[in-house]
Amino acid sequence: QVQLVESGGGLVQPGGSLRLSCAASGTMFMINAMGWYRQAPGQQRELVAGFSSSGSTHYTDSVKGRFAISRDNAKNTVYLQMNSLKPEDTAVYYCNAEVVVRLWELPQNYWGQGTQVTVSS
């Protein structure tokens, strides 16, 4: 069973920074893609930043230049450095990974439990 464990959320003032971490554990052959989504109250979950299966990165327009995604393949961990945070960044942030558990199986999608990020003065 693959598990994604997130950490690093919290309360921060506008203009501040936070760093989220997501570690994948369990039996797996490989991680195809990994990234961060967020969901604010009353809104749909949206992709914030992610690594594709080719290794390229993607950012939603509203966070470009402020957020940076990185990863440590040896630790199966992805990070999201969030700078110049704004109140509209307030949301529950979810880690997502597309994982091939066994070589002969199709990739499966996994989610973390979510971590709250609140940007407020």
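Residues numbered from 1 in each chain as written. Predicted model: local features only at pLDDT ≥ 70, side-chain atom pairs only at ≥ 80, totals over all residues. Heavy atoms only, no water.

(A) Representation of the overall build of the protein chain in the model. Across its full length, the protein chain holds zero helices and 11 strands. Along the chain direction, N to C, the helices and strands of the protein chain fall in the order β-β-β-β-β-β-β-β-β-β-β. What you see for the protein chain is a C-alpha radius of gyration of 14 Å, in line with the 14 Å of a compact globule of 121 residues. Along the longest, intermediate and shortest principal axes, the C-alpha atoms of the protein chain span 50 × 25 × 25 Å. Relative to its full complement of 121 residues, the protein chain shows a buried share of 40%. Across the protein chain, every contact between residues at least 6 apart in sequence was considered, and the portion connecting residues at least 24 apart equals 55%. Split by element, the accessible area of the protein chain, about 6,600 Å² in all, is 48% carbon and sulfur. Looking at charge distribution, the protein chain has the averaged site of its 9 positive side-chain charges lying 4 Å from that of its 8 negative ones. (Helix = DSSP H or I, 4+ residues; strand = E, 2+ residues; numbered from the N terminus. Rg over C-alpha atoms; globule rule 2.2 N^0.38 Å. Buried < 20%, exposed > 50% of the residue type's maximum accessible area, 1.4 Å probe, protein only. Contact = heavy atoms within 4.5 Å. Areas by Shrake-Rupley, 256 points an atom, 1.4 Å probe, with all protein chains shown as cover. Lys, Arg positive; Asp, Glu negative; His and termini not counted. Charge placed at Lys NZ, Arg CZ, Asp CG, Glu CD.)

(B) Seen up close, the pairing of strand β9 (residues 91–100). Summarising burial for β9: eight of the 10 residues are buried, a large majority. Note: strand β4 (residues 30–39) against β9, nine bridges, orientation antiparallel. Looking across to β9, one finds that Met-34 is bridged to Ala-97. Bridge count between β9 and strand β11 (residues 115–119): three bridges; the pairing is antiparallel. (Pairing = 2+ DSSP bridges.)

(C) Molecular detail of a nonpolar patch on the surface. A cluster of nonpolar side chains, Phe-29, Met-30, Leu-103 and Trp-104, forms an exposed patch at the surface whose accessible area comes to about 510 Å². On the secondary structure map, Leu-103 appears in the loop between β9 and β10 (108–111). For Leu-103, a relative accessible area of 58% translates into the label exposed. (Patch = residues over 30% accessible without salt bridge, like charges linked within 9 Å, V, L, I, M, F, W, Y side chains within 5 Å. Salt bridge = Lys/Arg side-chain N within 4 Å of Asp/Glu carboxyl O.)

(D) Layout of the side chain of Asp-89. Mapped onto the fold, Asp-89 is located in the loop between β8 (77–82) and β9. Excluding its chain neighbours within four sequence positions, the residues that come into contact with Asp-89 are Arg-38, Arg-66, Phe-67, Ser-84, Val-117 and Val-119.

(E) Summary view of the nonpolar core. Core analysis: the largest hydrophobic core is formed by 31 residues, its most contacted members being Trp-36, Leu-80, Met-82 and Tyr-93. Put simply, the parts of the chain that give this core at least two residues each are β3 (18–25), β4, β5 (46–51), β7 (67–72), β8, β9 and β11. Sort the elements by how many residues they give to this core and β9 lands first, with five residues. Ignoring sequence-local partners within four residues, the contact set of Leu-80 consists of Leu-18, Arg-19, Leu-20, Trp-36, Val-48, Ala-49, Phe-67, Ala-68, Ile-69 and Tyr-93. (Core = buried A, V, L, I, M, F, W, Y, C linked by side-chain atoms within 4.5 Å.)

(F) View of the packing of aromatic side chains. Counted under the stated rule, the structure contains two aromatic pairs. Ring geometry for Tyr-37 against Trp-111: centres 4.9 Å apart, planes inclined by 65°, an arrangement best described as edge-to-face. Residue Tyr-37 is found in strand β4, and its partner Trp-111 is found in strand β10; the two are separated by 74 residues along the sequence. Summarising the aromatic geometry, the rings of Tyr-94 and Trp-111 are spaced 6.5 Å apart at their centres and angled 85° between planes, so their arrangement reads as edge-to-face. Taken together, the residues Tyr-94 in strand β9 and Trp-111 in strand β10 connect sequence positions 17 residues apart. The class for Tyr-94 is buried, based on a relative accessible area of 15%. Judged by relative accessible area, which is 37%, Trp-111 ranks as partly exposed. Among the aromatic residues, ring-to-ring pairing joins Tyr-37, Tyr-94 and Trp-111 into one connected group. Across the ring face of Tyr-94, the terminal group of Arg-45 is positioned such that the distance to the ring centre comes to 3.7 Å. Positioned over the ring face of Trp-111 is Arg-45, at 4.6 Å from the centre of the ring. (Phe/Tyr/Trp six-rings, centres within 6.5 Å; stacked < 30°, edge-to-face > 60°. Lys NZ or Arg CZ within 6 Å of the ring centre and 35° of its normal.)

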